[in-house]
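Listed here are the chains, written in short residue letters.
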Amino acid sequence: MSKRDYYEVLGVSKGASEPEIKKAYRRLAMKYHPDRNTGDKAKVAEKNFKEAKEAYEVLSDTQKRAAYDQFGHAGVDPNMGAAGAGAADFGDIFGNVFGDIFGGRGGQGGGAQRGDDLQYNLELSLEDAVAGKSVQIKVPTLVNCGTCNGSGAKPGSEPKTCNTCRGQGQVRMQQGFFSIQQACPSCHGKGFSIDQPCTPCHGRGRVQETKTLSVKVPPGVDTGDRIRLSGEGEAGENGSPAGDLYVQVAVKKHPIFRREESHLHCEMPISFTTAALGGETEVPTLNGKVKLKIPEGTQTGKMFRVRGKGVKPVRGGPQGDLLCRILVETPIKLDSTQRDLLRQLEDSFADNGKQHTPNAHGWLDKVKSFLTR
């Protein structure tokens, strides 16, 4: 049966970069790794896993990839001699690539595997995000079994060293010029076997538990920021170190303010008369109210800056400002008296309209000029 094209196996183009090839292999390695596939899926997963590993071994090596691109599979077949001059020990593929995924299982021997990292999505109000606070969260995770202390063996018994790999968790296979190191088929990379499994954890060494943790949210966090809690992820196998917990922050939409980096923005409606005559109004901030002086003749869109009423960035820097955009509100639901008063006001503008409404008259002059061209 002919082999599939290595680029097709990894799902990348022939011009793929080294990071793209590594990323594709990591994705397939996680999908088909023996520890993640059991039962009926195990054989198919093992076949796909070996196929992906073989493709990565060639395409991740500059010389072998060049030989493969020129001669195809014959260029990297040690029995064909085309790649013999450049053939060498690939090293520990697990250590180079799987170490990033499974915490160094292949490279450390004895089944040592750092626990998986976890993520918790934390929603905060804008007030809490700006001021900071301590939050109690509940996180379902895997913890070391208290009965066997993470060994997986029934109390009074001990795991036995694997006779095949002698506790290394790996075996080395020689194929022509190639020396390939892979997980031990007898213990599946653990380096030991358990004859008397612990009852509560069924020999896994870990049990499911919901932990209550206190998260200290620093002042100034924003959506997208992550808080790392070291060692609060899943417990590692066989007593290995636990992973980390990453608390992902999302700030809820605020009814008044919109945040933009260290600044806060808001839109503030004012009455028609206040805009025309000027006056003073109260502006809300996250820590109280401040008075804002509105000058006579203020127009919609005018921006007022209240310094120091924004956000102190979590990574340092000066405190931002509060930027208030004015919206002049047109009166509605007028009675007859109010209508008459407005008409009288409009009539009073007739003799010197440009002085009172320069923008409107300026725009009309531009329209007339445009239409008479």
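Residues numbered from 1 in each chain as written. Predicted model: local features only at pLDDT ≥ 70, side-chain atom pairs only at ≥ 80, totals over all residues. Heavy atoms only, no water.

**Student:** What is the right way to read the packing of aromatic side chains from this model?
**Tutor:** For any pair of aromatic rings, the description consists of the separation of the ring centres together with the inter-plane angle of the planes. On inspection of all chains with the given rule, the structure shows three aromatic pairs. A centroid spacing of 4.4 Å and a plane angle of 10 degrees characterise the contact between Tyr-25 and Tyr-56, whose relative ring orientation is stacked. Of this pair, Tyr-25 sits in helix H2 (residues 18–32) while Tyr-56 is found in helix H3 (residues 41–59), placing the two residues 31 residues apart along the sequence. Summarising the burial analysis for this pair, Tyr-25 and Tyr-56 share the class buried. Taken together through their ring pairs, the aromatic side chains of Tyr-6, Tyr-7 and Tyr-68 make up a single cluster. The ring centre of Tyr-246 lies 4.2 Å from the NZ or CZ of Arg-226, which sits over that ring. (Phe/Tyr/Trp six-rings, centres within 6.5 Å; stacked < 30°, edge-to-face > 60°. Helix = DSSP H or I, 4+ residues; strand = E, 2+ residues; numbered from the N terminus. Buried < 20%, exposed > 50% of the residue type's maximum accessible area, 1.4 Å probe, protein only. Lys NZ or Arg CZ within 6 Å of the ring centre and 35° of its normal.)

**Student:** Just checking my understanding: could you explain the nonpolar core for this structure?
**Tutor:** Across soluble globular proteins, nonpolar side chains show a tendency to be buried alongside one another. Membership of the largest hydrophobic core comes to 35 residues, with the highest contact counts inside it found for Leu-124, Ile-137, Val-217, Leu-245, Val-247 and Leu-322. Once you skip the residues sitting within four places of it in the chain, Leu-124 turns out to touch Ala-129, Val-135, Val-217, Val-221, Val-249, Ala-250, Val-251 and Lys-252. (Core = buried A, V, L, I, M, F, W, Y, C linked by side-chain atoms within 4.5 Å. Contact = heavy atoms within 4.5 Å.)

**Student:** Would you mind going over the sheet that holds strand E1 (residues 118–124) with me for this structure?
**Tutor:** Two orientations exist for strands paired in a sheet by backbone hydrogen bonds: parallel and antiparallel. Taken together, three strands build an open sheet; the order of strands is E1-E9-E8 and the sheet is mixed. Of all strands in the sheet, those with a lone pairing partner are E1 and strand E8 (226–229), marking the two edges. Between one strand and the next, the sheet's axes are offset by a mean angle of 25 degrees, whatever the strand orientation. (Pairing = 2+ DSSP bridges. Axes fitted to C-alpha atoms, helices over the stretch in contact; angles between N-to-C directions.)

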